[in-house]
Amino acid sequence: MFNKRIKIKDLLTQEPAGQEVTVMGWVRTFRNSQFIALNDGSTNNNLQIVAGLGKFDDELLKRINTSAALKVTGTIVPSLGKGQKMDLNAVTIEILGDSDAEKYPLQPKKHSLEFLREIAHLRFRTNTFGSIFRVRHALAFAVHKFFNDKGFVYMHTPIITASDAEGAGEMFRVTTLPFDKTPRNEDGGVNFKEDFFGRSTNLTVSGQLEGELGATAFGEIYTFGPTFRAENSNTARHLAEFWMIEPEMAFYDLEDNMNLAEEFIKYIIKYAMDNNKEDIEFLAQRLAEEEKQLPQDKRSEMGLVEKLEFVLTNSFERLTYAGAIEILKESNHNKKKKFQYPITGWGMDLQSEHERYLVEKHFKKPVILNNYPKEIKAFYMRQNEDGKTVAAMDILAPGIGEIVGGSQREERLDKLEARMKEMHIPAEELWWYLDTRRFGTVPHAGFGLGFERMVQFVTGMTNIRDVIAFPRTPKSAEF
Ligand code: ATP
Ligand code: MN
């Protein structure tokens, strides 16, 4: 058996008492031909390994370069140096993998996030990305724990779908048809009967419609999977491939839905704070450093940890769309014509500058906007009594903007069909979806949380490309 190592994170919780251990990891630094800082990815804290002078071959010592992989066995003793409580006095050092110091692109110095994006295959070996991706893991685990503990069923909705009802124009096509000899119909259009599935198919933009089928049998389900949008928006909060969590619940109205979403967000933040304190504190420090470069008025009012604690202890502001329009219209910001899109009144779609004004300037906390005009929302949202609005809700977070989009779904077949007709949604294609309304329909609701936006919020990273391992964005699919 090869693997008898102890992880550095676990080792550092022990008292140094001469115990014999084996560790494995990658060299961060090697000082004075004697002190190796070894990192194994379990924590940002390196283990200091002391290679006693004269105890090891020069040939071996020369190979201890930054990022070489080592297996070290020795005894744990209290450290004589400052900054760490223990040292590993090396008895044997084995080089598992060499690293050419001349060619290794990461040096023990500060690199810009932009540069690190170009070497995304190695950036996990930095403290910043070590912390981000351990926090990402904790959040993902907490998602499953939250829903599992509540008795939700985890449902895997399809990634390839034939329904393009939702995101027409924003979807990636899936096909095995040749580009050169595309089979044609008599009218010149592509003959998808010849395609792999015998019809036109795409990558999913959301698992919601299928999720509703699960909810109307299991009661409560959630999905957690990749979704794809071919939107050509090069922003700091859009990816072409991102992960979404979509719970869907029978017997829930809009208020139940908002309650669940708020509880869920707080739960996963708290889980990460309790279990990844060190990483979050490291990221808070990093953010504070980064913000020192900004002019005073662009800096956050709260530090990262303070912000997360504030979110946990305060209820989210709940406000109707109509109320939001009132606030925005009356704001000095609008009166002084500082919005790029001026507030024209009820019915307009809110731009991210408006959402950010509400959360960052006006309320200074997360806001759940609800009951939007039906014209700017999807066909499946439940129509309110006023005939003008639907039971939709968006959750807006400071620094991020929209983090959740959800609604109570229209469970009344006649109303749903009428709305689909108005919006030119082909009912024949969605016969299976409409069946849920034919056979034991119930009030139900759900929402979608963009996982990367959540990771951004908890890690304080301003660019979404830095919270997913290998970002897919327009003109970029390296690695
Ligand atoms: P936005 O207005 O920010 O583009 P949206 O209205 O298109 O969002 P929904 O269709 O409601 O978003 O999707 C649900 C959630 O998925 C959003 O609240 C957001 O958190 C996330 N999301 C949407 N599009 C993207 C994307 N391109 N990259 C990353 N996350 C996304
Ligand atoms: Mn969008």
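Below or above, wherever it landed, is the structure these notes cover. (Residues numbered from 1 in each chain as written. Chains lettered and ligands numbered in written order. Predicted model: local features only at pLDDT ≥ 70, side-chain atom pairs only at ≥ 80, totals over all residues. Heavy atoms only, no water.)

Here we look at the site of ligand 1
Around ligand 1, the structure places 15 residues, and the nearest of them are Arg229, Glu231, His238, Glu402 and Arg453. Here a nitrogen atom of ligand 1 sits 2.9 Å away from a polar atom, N or O, in the main chain of leucine 239. The separation between an oxygen atom of ligand 1 and a polar main-chain atom of glycine 450 is 3.2 Å. Surface burial for ligand 1 is 79%, taken as the share of its 580 Å² of free accessible area covered by protein chains. Elements that contribute at least two residues to the shell around ligand 1 include exactly strand E11 (241-250), strand E15 (401-409) and strand E16 (444-450). (Near = heavy atom within 4 Å. Polar contact = N/O pair within 3.5 Å; in protein donor to acceptor, adjacent residues only side chain to side chain. Areas by Shrake-Rupley, 256 points an atom, 1.4 Å probe, with all protein chains shown as cover. Helix = DSSP H or I, 4+ residues; strand = E, 2+ residues; numbered from the N terminus.)

Overview of the sheet that holds strand E14 (residues 389-397)
Taken in spatial order, the 8 strands line up as E6-E10-E11-E16-E15-E14-E13-E12 in an open sheet, and their pairing is mixed. Two strands bound the open sheet, and with one partner strand each, they are strand E6 (153-154) and strand E12 (317-320). As paired elements, E11 and E16 share 5 bridges and run antiparallel to each other. Each bridged residue has a counterpart across the sheet, and for alanine 250 the counterpart in E16 is histidine 444. (Pairing = 2+ DSSP bridges.)

A word on unusual backbone geometry
Even without a glycine there, the phi angle at lysine 337 is positive, about 60°. Within the secondary structure, lysine 337 sits in the loop between helix H10 (332-335) and helix H11 (352-363). Positioned with a positive phi, histidine 424 is a non-glycine residue whose angle comes to about 55°. Structurally, histidine 424 is set in the loop between helix H12 (413-422) and helix H13 (431-438). Classification of histidine 424 by relative accessible area gives exposed; the value is 71%. (Buried < 20%, exposed > 50% of the residue type's maximum accessible area, 1.4 Å probe, protein only.)

Quick look at the sheet that holds strand E2 (residues 35-39)
Pairing in this closed barrel of 5 strands is mixed, and the strands run E1-E2-E3-E5-E4 around the ring. Neighbour-to-neighbour, the strand axes of this sheet turn through a mean angle of 55°, independent of strand direction. Pairing analysis gives 7 bridges linking strand E1 (residues 20-31) to strand E4 (residues 69-78), with the strands arranged antiparallel. Residue pairing for E4: tryptophan 26 is matched across the bridge by alanine 69. (Axes fitted to C-alpha atoms, helices over the stretch in contact; angles between N-to-C directions.)

Comments concerning the environment of alanine 37
You can see alanine 37 is positioned in strand E2. Separated by 11 residues in sequence, alanine 37 and glutamine 48 place their C-alpha atoms 4.8 Å apart.

A short note on the pairing of E14
Most of E14 is tucked away, with 9 of its 9 residues classed as buried. Summarising the sheet, strand E13 (residues 367-373) and E14 pair through 6 bridges and their orientation is antiparallel. Considered in E14, the bridge of asparagine 370 is made with methionine 393. Relative to E15, E14 runs antiparallel, the two sharing 6 bridges. Paired with alanine 397 across the strands is glycine 401, a residue of E15. Here E14 hands over to E15 after 3 residues, with glycine 399 in that stretch at a positive phi of 85°.

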